[in-house]
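# A closer look at the structure
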Amino acid sequence: MSSVQATLLLPIGAAALLAMTAGCGSSSSPNAVSSNGSKQVAVVASTDVWGDIVKDIAGSLAGSTVRITSIISDPDADPHSYEANTQNQLALSQADLVVENGGGYDDFVDTMLKSAHNDGVPVLNAVAISGKTAPAGGDLNEHVWYDFPTVQAVAAKITDALTKADPTDAATYAANAAAFDAQLAAMEQTEATIKSASAGTGAAITEPVPVYMLEACGLVDKTPSVFSKAIEDGTDVSPTVLKQTEDIFNNHQVKLLAYNEQTSGPETEAVLAAAKKNDIAIVPVTETLPASTTYLSWMQGNLDAIKTALG
């Protein structure tokens with residue numbers, strides 16, 4: 001789906017609850033202090049993808065000086081069906097920094113911020129930072145965390161924001177950001193190596209989640225756009241389009257299928273079956289962090305899977 005369809009569960013009396021809870025001095029309050037006596041920086045990220053990147057920049061300060069709340073974080077759930085709640089709005093009302101994906105993916109954050117009465121809180125919008133726009137006649141691919149240059153740019157903005165909020169620890173943030181950038185650069189080199197060996201190779205997707213990474217690896221998406229758009233939008237796929245999609249496997253036009261494990265249905269399962277029947281490699285992808293991973297280890301795992309699939 002093209003955006004996280006989060007239901008805002010704000011029952012009657014929620015505003016009063018927020019006010020009461022905020023007055024109790026929650027540990028994530030912007031007025032709380034860390035163990036070393038400095039002001040805590042409360043960061044709210046729309047998903048654990050961006051939350052983990054904040055954690056990388058904060059390093060040893062995460063959980064003490066920098067308290068991070070990631071709204072969407074269940075690796076086993078479809079992020080598009082997430083239901084935001086009063087705890088999320090409370091966190092946003094107390095945030096010193098908000099990191100959202102943008103591009104229509106997590107509009108509920110902006111909606112809740114308007115009701116949170118936390119005017120002036122810095123909001124980092126990853127899609128806006130990326131500068132990416134929809135192609136002529138097409139849709140914007142909002143899954144920008146699969147695009148390493150975008151992640152580098154967002155990480156730099158996070159570093160600046162944390163430094164502004166907590167100048168005492170500026171050197172720590174700068175060192176952690178440099179280490180993070182170095183690991184991203186190494187993965188960009190891996191993409192370039194894959195591209196040098198496999199440029200022009202066909203690939204298939206169920207949704208455009210990993211397309212930025214596939215393109216950086218030189219792969220060409222052969223999936224009928226009508227199919228992937230229907231899956232992303234949650235609409236029906238016609239029998240004709242489904243057959244056209246299955247035929248790219250039957251005719252061996254692709255070497256791998258990037259399959260979104262968090263969103264599945266009869267059409268995607270039919271495509272998965274077609275890929276398996278024709279011995280096409282399957283590369284599982286997700287929209288949030290798999291269990292027991294970090295952003296960097298997750299992306300490295302995706303690249304390793306692509307390399308293996310291409311042989």
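Above: the structure in question.
Note that the coordinates shown come from a computational prediction; the quantities given were computed from them, not determined experimentally.

What counts, and at which threshold
- Residues numbered from 1 in each chain as written.
- Predicted model: local features only at pLDDT ≥ 70, side-chain atom pairs only at ≥ 80, totals over all residues.
- Heavy atoms only, no water.
- Helix = DSSP H or I, 4+ residues; strand = E, 2+ residues; numbered from the N terminus.
- Buried < 20%, exposed > 50% of the residue type's maximum accessible area, 1.4 Å probe, protein only.
- Lys, Arg positive; Asp, Glu negative; His and termini not counted.
- Salt bridge = Lys/Arg side-chain N within 4 Å of Asp/Glu carboxyl O.
- Contact = heavy atoms within 4.5 Å.
- Axes fitted to C-alpha atoms, helices over the stretch in contact; angles between N-to-C directions.
- Parallel < 35°, antiparallel > 145°, perpendicular 65-115°, else oblique.
- Left-handed = near helix turned anticlockwise from the far one by under 90°.
- Nonpolar A, V, L, I, M, F, W, Y, C, P; charged D, E, K, R; others polar.
- Pairing = 2+ DSSP bridges.
- Core = buried A, V, L, I, M, F, W, Y, C linked by side-chain atoms within 4.5 Å.
- Phe/Tyr/Trp six-rings, centres within 6.5 Å; stacked < 30°, edge-to-face > 60°.

### Quick look at the side chain of Glu191
When you line up the elements, Glu191 lands in helix α7 (residues 170-198). Lys195 provides the closest opposite charge to the buried, salt-bridge-free Glu191, at an N-O distance of 9.3 Å. Ignoring anything within four residues of it in the chain, the contact list for Glu191 reads Phe148, Met213, Ala216, Cys217 and Leu303.

### Describing the packing of helix α2 (residues 48-58) against helix α6 (residues 148-165)
Running from amino to carboxyl end, α2 crosses α6 at an angle of 55°, the nearest separation of the two axes being 10 Å. In terms of orientation, α2 lies oblique with respect to α6. Where α2 crosses over α6, the handedness of that crossing is right-handed. Two secondary-structure elements touch here, α2 through Trp50, Ile53, Val54, Ile57 and Ala58 and α6 through Val151, Val154, Ala155, Ile158, Thr159 and Leu162. Of the residues in the contact of α2 with α6, the class split is 10 nonpolar, one polar and no charged.

### A look at the pattern of salt bridges
Pairing is possible between side chains that carry opposite charge, provided their charged atoms lie close to one another. With the rule as written, the count across this model stands at four salt bridges. Between Asp247 and Lys243 there is a salt bridge; the shortest N-O distance is 3.0 Å. Here Asp247 pairs with Lys243, and both are found in helix α10 (residues 239-250), just four residues apart, close to one helical turn. By relative accessible area, Asp247 is classed as partly exposed at 22%. The network of salt bridges with shared partners includes Asp139, Lys229 and Asp233.

### Notes on the sheet that holds strand β5 (residues 97-100)
Read across the open sheet, the four strands follow the order β3-β2-β5-β6; overall the sheet is parallel. Taken across any chain shown, the strands that pair with only one partner, and hence form the sheet edges, are β3 (66-72) and β6 (123-125). Direction aside, the axes of adjacent strands within the sheet are offset by 15° on average. Of the strand pairs in this sheet, β5 and β6 are connected by three bridges, and their pairing is parallel. Among the inter-strand pairings, Val99 is bridged to a residue of β6, identified as Leu124.

### Quick word on the sheet that holds strand β7 (residues 202-205)
The four strands are arranged β8-β7-β9-β10 in an open sheet whose pairing can be described as parallel. Looking along the sheet, the strands with just one partner apiece sit at the ends: β8 (220-221) and β10 (281-285). Strand contacts of helix α11 (residues 266-277): β9 (256-260) and β10, with the helix running at about 150° to β9, the strand carrying the most contacts.

### Brief notes about the packing of helix α3 (residues 86-93) against helix α4 (residues 107-116)
Running from amino to carboxyl end, α3 crosses α4 at an angle of 65°, the nearest separation of the two axes being 9 Å. Here α4 runs roughly perpendicular to α3, going by the angle between their axes. Once α3 is placed against α4, the crossing between them reads as right-handed. Residues Asn88, Gln89, Leu92 and Ser93 of α3 pack against Val109, Met112, Leu113, Ser115 and Ala116 of α4. Looking at side-chain class alone, the contact of α3 with α4 contains five nonpolar, four polar and no charged residues.

### Digging into the nonpolar core
Counting 55 residues, the largest nonpolar core has Trp50, Leu256 and Tyr295 as the members making the most contacts within it. The element that contributes the greatest number of residues to this core is helix α12 (residues 295-310), accounting for eight residues. If we skip the residues at most four places from it in the chain, Leu256 touches Gly202, Ala203, Ala204, Leu214, Leu219, Ile280, Ala281, Val283, Ile306, Ala309 and Leu310. Membership of the second largest hydrophobic core comes to 17 residues, among which are Ala230, Leu242, Ile248 and Leu257.

### Regarding the packing of aromatic side chains
Scanning all chains against the criterion turns up five aromatic pairs. Centroid distance Trp145 to Tyr146: 6.3 Å. Interplanar angle 45°. Geometry classified as tilted. Per residue, the accessibility class of Trp145 equals that of Tyr146, and both read buried. Clustering of aromatic rings is evident, with ring pairs tying together Tyr105, Trp145, Tyr146, Phe180, Tyr295 and Trp298.

### Let's talk about the environment of Met187
Checked against the element boundaries, Met187 lands in helix α7. Along the sequence, Met187 and Leu296 sit 109 residues apart, while their C-alpha atoms lie 9.0 Å from each other. Once residues within four sequence positions are removed from consideration, Met187 is found in contact with Phe148, Leu296, Met299, Gln300 and Leu303.

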